[in-house]
Amino acid sequence: MTMRDRIDVIRESIEAAKLKCGRTDTVHLMGVSKTHPYDAVCEAVSSGLFLFGENRVQEIQKKFPDNRNGFELHLIGHLQSNKVKKAVASVDAIDSIDSLRLATLVSNEAEKLGKVIPVLIEWNTSEEESKSGFSDFSEYLMLLEASAQLPGIEINGLMTIGPLTENETQVRTAFAKLREIGEKSKQKFPNIDFSTLSMGMSQDYHWAIQEGSTMVRIGTALFGGRDYS
Ligand SMILES: *Cc1c(COP(=O)(O)O)cnc(C)c1O
């Protein structure tokens, strides 16, 4: 299959999942290009994909040219504080804000560059210890309360990684939890935008869409397997 074919197949499955639950709104497709070369990204861009995610700042700096044209690049992996400056300079959005401290550092760096960085707040909805993201409401609420004093970031919604299992109920429960957190947050903080729910990867995006995902992050199904050797 060509890249264009794979993109078409995924877009069709997205539409099928939407149809299954009567959704007519947009679900954005993000291509997750980690470990794959820049050529693969360019091929996807020329096949009509305009949104990409990478999970490591170092890889972004090595792989992508300084002046990207025609597509958006988001950081979707855990961001260490010593990489914040580079991240803010090299991506269009950070979808993995997992602490108030990180949000503050990102906002400060963005202000220095005269930028406002769109962000998503990451939740650890499966409570797997290896995952980053909020799992505590009081810490999360502190971030939402502080966000009015963080002019370098603009919250656009929430992000989560589903549990590592093929059990439909367990996976959907995690995604439903993110949706519910978004709904509750919107009631409590009507001035903050919670419209983006970034959830669903190659194995589980059909379930994520049925639980309300507005952005799926697809790596393997688009670019093939990853070689970490
Ligand atoms: C790697 C990665 C993905 C893509 O995973 P696939 O299973 O290859 O589709 C999505 N989101 C995050 C945060 C990732 O690190």
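Right above here is the structure, for reference.
Residues numbered from 1 in each chain as written. Predicted model: local features only at pLDDT ≥ 70, side-chain atom pairs only at ≥ 80, totals over all residues. Heavy atoms only, no water.

A. Layout of the overall build of the chain. Along the backbone of the chain there are 9 helices and 8 strands. Taking 17 Å as the expected radius of gyration for a compact globule of 229 residues, we find that the chain reaches 17 Å, a close match to that expectation. Here the chain holds 229 residues, and 51% of them are scored as buried. For the chain, contacts bridging at least 24 residues in sequence account for 58% of all contacts bridging at least 6. Here the chain displays about 11,500 Å² of accessible surface, and carbon together with sulfur accounts for 48% of that area. (Helix = DSSP H or I, 4+ residues; strand = E, 2+ residues; numbered from the N terminus. Rg over C-alpha atoms; globule rule 2.2 N^0.38 Å. Buried < 20%, exposed > 50% of the residue type's maximum accessible area, 1.4 Å probe, protein only. Contact = heavy atoms within 4.5 Å. Areas by Shrake-Rupley, 256 points an atom, 1.4 Å probe, with all protein chains shown as cover.)

B. Region of interest: helix 1 (residues 3-20). Spanning 18 residues, helix 1 covers 26 Å between terminal C-alpha atoms, matching the ideal 26 Å at 1.5 Å per step. Elements in contact with the buried residues of helix 1: strand 1 (28-32), helix 2 (38-46), helix 8 (205-210), strand 8 (215-218) and helix 9 (220-223). Phi turns positive, to about 70°, at Gly22, one or two residues after helix 1. (Expected span 1.5 Å × (residues − 1).)

C. Quick peek at helix 5 (residues 100-112). In a regular helix each residue adds 1.5 Å, so 13 residues correspond to 18 Å; helix 5 covers 19 Å between its end C-alpha atoms and thus fits that length. Turning to helix 5, its buried residues are Leu102, Ala103, Val106, Ser107, Glu109 and Ala110. One face of helix 5 carries all of its buried residues, which in axial projection span an arc of 170°. When the buried face of helix 5 is taken as reference, the exposed residues oriented beyond 90 degrees from it are Arg101 and Lys112. Where helix 5 is buried, its residues meet helix 4 (84-90), strand 4 (93-97), strand 5 (117-123), helix 6 (137-146) and strand 6 (153-160). Among the residues trailing helix 5, Gly114 stands out with phi positive, at a value near 65°. (Arc of directions from axis to C-beta.)

D. Quick peek at the site of the ligand. Every residue lining the ligand is accounted for by Val32, Lys34, Asn55, Ile76, Ile161, Met201, Ser202, Arg217, Ile218, Gly219, Thr220 and Arg226. Within the side chain of Arg226, one N or O atom sits 2.8 Å away from an oxygen atom of the ligand. Its residues placed into classes, the shell around the ligand shows 5 nonpolar, 4 polar and 3 charged. (Near = heavy atom within 4 Å. Polar contact = N/O pair within 3.5 Å; in protein donor to acceptor, adjacent residues only side chain to side chain. Nonpolar A, V, L, I, M, F, W, Y, C, P; charged D, E, K, R; others polar.)

E. Looking closely at the environment of Gln58. By secondary structure assignment, the location of Gln58 is in helix 3 (residues 57-63). Given the relative accessible area of 47%, Gln58 is considered partly exposed. Along the backbone, Gln58 and Gly22 are 36 residues apart, and their C-alpha atoms lie at a distance of 41 Å.

F. Looking closely at the environment of Glu54. Of note, Glu54 is situated in strand 2 (residues 51-54). In this structure Glu54 comes out as buried when scored by relative accessible area, which is 0%. Distance from Glu54 to Lys34, taken between C-alpha atoms, is 5.3 Å for residues 20 residues apart in sequence. Apart from the residues within four sequence positions on either side, Glu54 is in contact with Ser33, Lys34, Glu59, Ile60, Lys63, Phe64, Leu73, His74, Leu75, Ile76 and Gly77. A distance of 3.5 Å separates the side chain of Glu54 from the backbone nitrogen of Lys34, its partner in a polar contact.

G. Here's a closer look at the pairing of strand 8. Neither face of strand 8 is open: one carries Met215 and Arg217, the other Val216 and Ile218, and all of them are buried. As defined by bridge partners, strand 1 adjoins strand 8 across 4 bridges and the pair is classed as parallel. Residue pairing across strands places His28 opposite Met215, the latter belonging to strand 8. (Pairing = 2+ DSSP bridges.)

H. Spotlight on the side chain of Ser185. Examined against the element boundaries, Ser185 turns out to sit in helix 7 (residues 168-188). The exposure class of Ser185 is buried, given its relative accessible area of 5%. Only 2.6 Å separates the side chain of Ser185 from the side chain of Tyr140, close enough to count as a polar contact. Contact partners of Ser185, with chain neighbours within four places excluded, come to Tyr140, Leu144 and Phe194.

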